[in-house]
Amino acid sequence: MADGFRPAPHRDPGAESGSISDRTGAPMTDQADQTPPRSGGRLDPLQILFWGAVAAGVAAAGVAITAGPTVGQPGAILLLLIAAVGMVLFFWMSRGAGRKLGAFPERGAIAAAAMLGGRHDFGLIDALDEAALITDMHLSPLTANHAYLDIAEAAGILGESDRPPMMSRLFGADPMLSAPMFRLARAAQAGQIRREELPGTAAIAGKHARYEACVGPMPGGYVLWRLRELGVAEAAESGGDTNQLFLDDAPIGFFAAKSDGSIIYMNRALRAVLGLGDDPALMRVKDIVKEDASRLVRKDRRGFGPSRTRITLKGLDGQETQAAALSFWPTEDVDGTSRTLVFFSDTEAPEAPTPVRVPGGSADGVFSHAPFGVAVLDGADPASAAVLDSNTSLMDMTQGRATPSTPFADLFEAGEGPTQLAHRLRQSLNDPIEIMLATNPPMAAHVHFARSPDGRGIAYVLNVTQQRELETRLAQSEKMREIGELAAGVAHDFNNLLTVVMQTCSTLLRRHPVGDADYPMLREISDHAVTAKELSEMLRAYARQQTFAREVFDVGDFIGSKQELIRRVVGSSIPYEIRHGRDLPYVKVDKTQLERVLVNLATNARDAMTPKGSPMARDGKLTVRTSVVTAETARGFGHNPIEDGRYVMIEVEDTGGGIKPEHAAKIFRPYHSTKEAGKGTGLGLATSYGIIKQSGGYIFFTSKLGVGTTFRIFLPEYIPTAEEIEEIAAKERLLIAPIPKDVSGRGKILFVEDLVPVRRATVRNLKECGYEVEEAGDGQEALDIMAAKPGAFDIIISDVSMPIMTGPEMLQEADPAMIGNAKVLFLSGYAPESFSHMLENYPVHYMSKPVTMEQLVGRVKELLAAA
């Protein structure tokens with residue numbers, strides 16, 4: 001009898017005598033016709049007639065072949081031969097085994113019929129109280145007892161066949177049992193004894209139960225299969241040792257604890273970290289965790305699944321280890337025992353002594369519900385071994401490919417060839433490796449390998465795809481930050497060069513007015529310099545390194561004043577509408593930069609409504625709306641993240657073709673453009689995004705193909721002070737009656753600039769306009785001049801970033817008496833972010849390089865007039 005089952009108690013054989021035909025109601029053969037064993041010496045008349053017919057047929061064939069023509073009537077002999085063969089076939093099909101088996105019986109059918117028809121060698125299986133099945137070495141079913149047929153009938157697979165179904169068909173509705181059935185079948189073909197405790201299943205009549213299956217060889221080349229249902233006590237006491245081995249060898253920590261906090265099992269990786277022995281008896285969770293232990297043992301009643309938390313492990317030697325814990329409770333457990341996986345900060349468990357298993361602990365639930373993949377292999381070489389068993393996580397991770405008998409190497413990409421893949425997998429014998437799973441799309445995984453005492457391999461597969469994506473995003477973010485810093489530095493140097501070009505061009509334009517032969521070329525130089533300035537400002541806006549001169553104003557009035565500008569941008573063929581909201585709060589941003597954002601969005605809207613190949617837009621509409629909203633309203637649009645508070649929302653809506661989904665994630669990236677070649681720089685939206693974010697606001701969009709796109713800008717509400725309200729009123733009065741500006745003027749100016757070409761060109765233009773100018777190459781030299789001539793200057797114009805001493809440092813070092821009543825104007829092609837705060841806290845003014853002579857002199861005249 002095959003090993004693995006306890007002997008069955010004696011039962012009355014008469015109570016279970018019979019055959020499959022008794023169960024199905026279809027008799028296999030008449031009981032009176034069954035042939036007894038040959039040892040009895042009795043012969044069946046049908047057998048005598050059968051063999052007589054065969055002999056007659058052979059004799060007739062011999063006469064026809066040997067006698068030839070001398071016989072006289074060969075045709076009659078041939079007819080006799082045909083009649084004999086016909087009689088053989090007639091008796092085979094009508095009274096013999098052919099009646100049930102057919103003319104061409106399948107493999108094992110004759111052996112099964114022989115068993116049921118007249119042999120009683122296997123009649124003892126009916127005396128077993130457990131289900132039993134007999135097959136041949138090729139796994140063809142021959143016979144089964146009543147208990148087995150009862151189970152087959154309950155499973156609904158008995159059917160009308162006289163032969164019992166294979167055991168694997170009993171559990172065909174449960175894919176989780178395919179692996180143990182495969183192992184049993186392989187052992188049966190190899191003539192080995194094997195016992196398997198099957199996972200709980202509801203494949204039999206919908207009743208959840210656990211079974212024990214066993215196979216073993218029998219004399220004569222037969223295989224005995226047995227199946228019995230485990231009781232509750234047996235299931236609780238049975239083999240958790242195999243699955244417990246997965247946990248003992250795992251590179252991460254694990255412990256199981258009761259609801260009162262007492263630890264009933266801990267694997268060797270966690271014991272090694274805590275400095276415990278092989279038996280953590282009488283330990284409680286609060287003894288090893290510094291934080292509140294209840295978070296790890298109390299189940300989340302809200303049903304949100306596993307509980308994740310950061311913990312601090314306390315070792316026996318007082319050493320603390322930071323770790324992450326994931327606690328879960330298998331759904332079939334009712335005792336409240338928690339299972340906790342502990343991920344160490346270095347992601348690898350330290351060396352530990354050979355484990356001693358904790359008796360009685362079952363790890364079936366942990367193996368099945370573990371959030372990382374586990375595979376049991378049939379060998380110790382991961383490059384050549386096949387999968388024997390795998391848990392649910394690995395099946396999900398490999399998209400269902402980690403099935404039994406699948407080569408382990410087939411689960412991974414072999415882009416560099418099978419040899420290199422095998423080499424990589426063997427590296428996991430010593431150290432964890434990172435490798436790509438052969439999935440669609442490919443996923444990154446860490447593979448850890450361990451050997452079990454019986455020579456099998458255990459592979460642990462951790463999905464690190466999200467971790468790699470985060471690392472890639474972080475690297476991309478760092479790369480973009482470095483590009484932004486580079487762009488800001490390039491813009492600074494470029495602006496200084498442009499300042500020299502624009503100042504010199506202004507001088508030449510005054511000397512060569514309209515009508516001069518050189519005027520067109522000088523004007524072309526000036527126009528291209530202005531274009532280069534705009535490109536430089538886009539780079540600075542993308543790098544978020546612009547110096548913002550923030551002003552307090554009403555967005556509705558501001559957009560109303562830009563109505564004509566936007567109309568010119570979109571053209572006369574597109575209807576343009578502005579809808580103002582009521583009671584808009586004030587905002588504090590840079591008007592110039594906000595104007596640039598509106599122009600960029602209007603330009604994009606115009607291009608979106610312009611058919612391909614058409615010179616102008618048609619059949620579209622541009623709408624700009626303003627309103628006051630809260631963060632909750634913004635989230636209602638699907639825009640997140642956004643901080644709580646009140647915002648002024650500016651919507652720019654077009655009726656173009658919309659943004660395709662594949663472009664949506666890249667829409668704010670620099671140099672990403674969907675326009676035709678030669679149209680657009682790809683910096684418009686990237687610049688707008690940088691300006692809004694640097695202003696403390698948010699910009700989002702929604703789009704639908706064939707309908708249009710809506711961009712929404714959220715600027716935080718600003719509550720102005722009484723002084724700021726008065727300043728706003730004064731600016732409005734100036735707009736009503738502007739002061740006439742005269743470029744020429746008089747006054748003493750101290751000009752501070754470290755670059756000689758910039759300083760020389762600017763000073764020359766200021767002197768030609770009638771101003772007295774004194775130069776300084778850096779902040780320290782300017783302090784020396786002001787100390788020698790305190791209060792002598794009407795205006796101080798200084799660069800921001802200079803060697804030795806910057807412009808802001810110079811202003812802070814200067815004594816008030818040295819500055820006197822002079823106005824301070826800073827010029828810079830790139831200023832640090834902290835300079836924006838200085839503009840808000842000190843009475844200074846700012847202009848962004850490059851500037852033309854007209855712009856600079858006009859601002860100087862304006863400041864002197866306000867003194």
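Calculation rules
Residues numbered from 1 in each chain as written. Predicted model: local features only at pLDDT ≥ 70, side-chain atom pairs only at ≥ 80, totals over all residues. Heavy atoms only, no water. pLDDT = per-residue confidence, 0-100. Contact = heavy atoms within 4.5 Å. Axes fitted to C-alpha atoms, helices over the stretch in contact; angles between N-to-C directions. Helix = DSSP H or I, 4+ residues; strand = E, 2+ residues; numbered from the N terminus. Left-handed = near helix turned anticlockwise from the far one by under 90°. Nonpolar A, V, L, I, M, F, W, Y, C, P; charged D, E, K, R; others polar. Patch = residues over 30% accessible without salt bridge, like charges linked within 9 Å, V, L, I, M, F, W, Y side chains within 5 Å. Areas by Shrake-Rupley, 256 points an atom, 1.4 Å probe, with all protein chains shown as cover. Salt bridge = Lys/Arg side-chain N within 4 Å of Asp/Glu carboxyl O. Buried < 20%, exposed > 50% of the residue type's maximum accessible area, 1.4 Å probe, protein only. Core = buried A, V, L, I, M, F, W, Y, C linked by side-chain atoms within 4.5 Å. Pairing = 2+ DSSP bridges.

## Observations concerning the confidence of the model for the chain
- For the chain, per-residue confidence averages 76 on the pLDDT scale, and 71% of positions sit at 70 or higher.
- Note on residues 1-42: pLDDT under 50 across the span, and 71 contacts to partners over four residues away in sequence or across chains.
- Per-residue pLDDT stays below 50 along residues 346-363; that stretch engages in 37 contacts with residues further than four places along the chain or on separate chains.

## So, the packing of helix 21 (residues 591-608) against helix 24 (residues 684-694)
- With their axes 9 Å apart at the nearest point, helix 21 and helix 24 run at an angle of 150° to one another. Of the two elements, helix 21 crosses helix 24, and the hand of that crossing is left-handed. Across the interface between the two elements, Gln593, Leu594, Arg596, Val597, Asn600, Leu601 and Asn604 from helix 21 touch Gly684, Leu685, Thr687, Ser688, Ile691 and Ile692 from helix 24.
- Broken down by class, the residue content of the contact of helix 21 with helix 24 amounts to 6 nonpolar, 6 polar and 1 charged.

## Details of a nonpolar patch on the surface
- On the surface, a cluster of nonpolar side chains totalling about 390 Å² of accessible area is made up of Leu486, Val490, Phe494 and Leu497.
- Relative to the assigned elements, phenylalanine 494 resides in helix 17 (residues 465-511).
- The exposure class assigned to phenylalanine 494 is partly exposed, which follows from its relative accessible area of 34%.

## Let's talk about the nonpolar core
- By size, the foremost hydrophobic cluster in this structure holds 35 residues, and its most contacted members are Ile559, Leu594, Leu622, Ile650, Ile713 and Leu715.
- When near neighbours in sequence (up to four residues on either side) are disregarded, leucine 594 contacts Phe553, Phe558, Val589, Ile650, Ile692 and Leu715.
- Counting residues in each nonpolar core, the second largest holds 30 residues, with Leu139, Ile151, Met166 and Ala203 among its members.

## A short note on the pattern of salt bridges
- Tallied over the entire structure, the rule returns 26 salt bridges.
- Between glutamate 130 and arginine 226 there is a salt bridge, with its nearest N and O atoms 2.9 Å apart. Here glutamate 130 is found in the loop between helix 5 (109-117) and strand 1 (131-136), whereas its partner arginine 226 is found in strand 5 (residues 222-229), with 96 residues between them in sequence. Exposure class is identical for glutamate 130 and arginine 226. Each is buried.
- With a closest N to O distance of 2.9 Å, arginine 228 and glutamate 212 form a salt bridge. Of this pair, arginine 228 sits in strand 5 while glutamate 212 sits in strand 4 (residues 211-218), and the two are 16 residues apart along the sequence.
- Relative accessible area serves as the criterion here: at 15%, arginine 228 is assigned to the buried category.
- By relative accessible area, glutamate 212 is classed as buried at 3%.
- Because the salt bridges share partners, they merge into one network encompassing Arg195, Glu197, Glu212 and Arg228.

## Some details on the sheet that holds strand 20 (residues 646-654)
- An order of 17-19-20-22-21 is seen for the 5 strands of this open sheet, with the pairing classed as mixed. Either end of the sheet is taken by a strand with one partner, and the two such strands are strand 17 (576-579) and strand 21 (698-704). Taken over all neighbouring pairs, the strand axes of this sheet differ in orientation by 20° on average, direction set aside.
- Here strand 20 pairs with strand 22 (residues 708-716) via 8 bridges, running antiparallel. Opposite valine 652, over in strand 22, you have phenylalanine 711 as the bridge partner.
- Where helix 20 (residues 563-570) meets the sheet, it contacts strand 17 and strand 19 (622-630), and its direction lies at approximately 150° from that of strand 17.
- Contacting strand 21 and strand 22, helix 24 crosses the sheet at an angle of about 140° to strand 21.

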